[in-house]
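# Overview (structure and organization)
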Amino acid sequence: MLVGAGGHAKVVIEVARAQGRFEIVGVVDPRPPGPRVLGVPVLGGDEALPRLRADGVAWAFVALGGNALRERIGGELRAAGFRLATLVHPSAEVMPSATVGEGAVVMARVAVSAEARVDDLAILNTGAVVEHDNLIGAAAHVAPLAALAGNVRVGARALIGVGSAVRPGVSVGADAVVGAGAAVVADVPAGATVGGVPARPLRARGGAAAR
Ligand SMILES: CC(=O)SCCNC(=O)CCNC(=O)[C@H](O)C(C)(C)COP(=O)(O)OP(=O)(O)OC[C@H]1O[C@@H](n2cnc3c(N)ncnc32)[C@H](O)[C@@H]1OP(=O)(O)O
């Protein structure tokens, strides 16, 4: 069962189908765009969760792009007795010494290198490169084609924007945002928004949709 019926959920459904480990019985979303998402039925809003658990649905996945929201809903699902699935597209390369946490998704053509650690509820989006010894914090999001060199640390709920690059050994703090196309050459404080080449603090206006 998935929580969320938006664009991110569509990709998650495709990844789950390609992986072939889980049968998706339905989607839960209080404001779905329609009765089905890629053919998967919408089963209702949050009120449907206890019934699904009672009916024997054991596994859940939070298919929501917002990092803080995904972390919160993941905690609520666990408290309600669900286990969080780990979804990995078959075209992704996850080296044997790397680990990927519960509730995390690894999209198509992602590379996760030696001894990288990807914590629970993280998103590694299409084509991202997570090099050796990286630590990707809980509910962080590495967007499509972002490249993290060796020994990079990404804090919980941080967003590494599409197509950005992060220098070896750099730490990006919790809840920070790295803008699309940035080159991050120095540590980013928790909660900061940076962008550009090299990345500098931005006076971001905070549009949630842009994230
Ligand atoms: C499958 C998927 O879609 S996954 C989606 C992953 N999401 C992303 O990668 C999104 C990353 N987000 C961004 O890059 C956003 O532009 C943000 C978060 C950096 C800023 O967004 P907002 O807070 O809405 O800021 P806004 O667009 O109003 O721009 C504020 C200023 O920063 C500048 N700016 C915005 N983004 C960037 C950027 N990536 N690099 C450099 N400068 C930027 C703007 O030009 C503007 O400058 P000005 O004040 O001189 O006019």
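Since the model is a prediction, treat every value here as computed from it, not as a measurement.

## With respect to the nonpolar core
Membership of the largest hydrophobic core comes to 49 residues, with the highest contact counts inside it found for Leu87, Leu124, Ile136, Leu148 and Ile160. Listed by contribution, the elements that provide at least two residues to this core are α1 (7–19), β10 (105–106) and β13 (123–124). Tallying contributions element by element places α1 first for this core, with five residues. Here this core spans two domains, since at least three of its residues come from each of domain 1 (2–85) and domain 2 (86–196). What leucine 148 contacts, discounting residues up to four positions off in sequence, is Val129, Val130, Glu131, Asn134, Ile136, Val142, Val154, Ile160 and Val166. If you look at the next biggest cluster of nonpolar residues, it comprises 16 residues, including Ala48, Val62, Phe82 and Leu84.

## Looking at the UniProt feature "domain: PglD N-terminal" (unreviewed entry) in the protein chain
Sites flagged by UniProt as "domain: PglD N-terminal" (unreviewed entry) map to residues 2–73. Each end of residues 2–73 is marked by a C-alpha atom, and these two atoms are 11 Å apart; helix forms 36% of the span and strand 21%.

## Points about the environment of glycine 191
With respect to the helices and strands, glycine 191 occurs in the loop between β23 (183–184) and β24 (193–195). Note: C-alpha distance between glycine 191 and valine 172 (19 residues apart in sequence) is 9.2 Å. If we ignore the near neighbours within four places in the chain, the residues touching glycine 191 are Ala174, Asp175 and Ala176.

## Side note on the sheet that holds strand β14 (residues 129–130)
Pairing is parallel in the open sheet, where six strands are placed in the order β8-β11-β14-β17-β20-β23. Among the strands making up the open sheet, the edge pair consists of β8 (93–94) and β23. Direction of pairing for strand β17 (residues 147–148) relative to strand β20 (residues 165–166): parallel, over a ladder of two bridges. Within the sheet, the bridge partner assigned to leucine 148 lies in β20 and is valine 166.

## Side note on unusual backbone geometry
Across the junction of valine 197 and proline 198, the peptide omega takes the value -10°, indicating a cis bond. Tracing the sequence through the fold places proline 198 in the loop between β24 and β25 (200–201). A positive phi angle is found at asparagine 151, which is not glycine, with a value near 60°. Turning to its location among the elements, asparagine 151 is positioned in the loop between β17 and β18 (153–154). Positive phi, normally seen in glycine, also occurs at arginine 157, with a value near 65°. Structurally, arginine 157 can be placed in the loop between β18 and β19 (159–160). Taking relative accessible area as the criterion, arginine 157 reaches 22% and is therefore assigned partly exposed.

Reading the values: the criteria
- Residues numbered from 1 in each chain as written.
- Predicted model: local features only at pLDDT ≥ 70, side-chain atom pairs only at ≥ 80, totals over all residues.
- Heavy atoms only, no water.
- Core = buried A, V, L, I, M, F, W, Y, C linked by side-chain atoms within 4.5 Å.
- Buried < 20%, exposed > 50% of the residue type's maximum accessible area, 1.4 Å probe, protein only.
- Helix = DSSP H or I, 4+ residues; strand = E, 2+ residues; numbered from the N terminus.
- Domains from an automatic or database assignment.
- Contact = heavy atoms within 4.5 Å.
- UniProt positions renumbered as here; feature names shortened; annotations may be inferred.
- Pairing = 2+ DSSP bridges.

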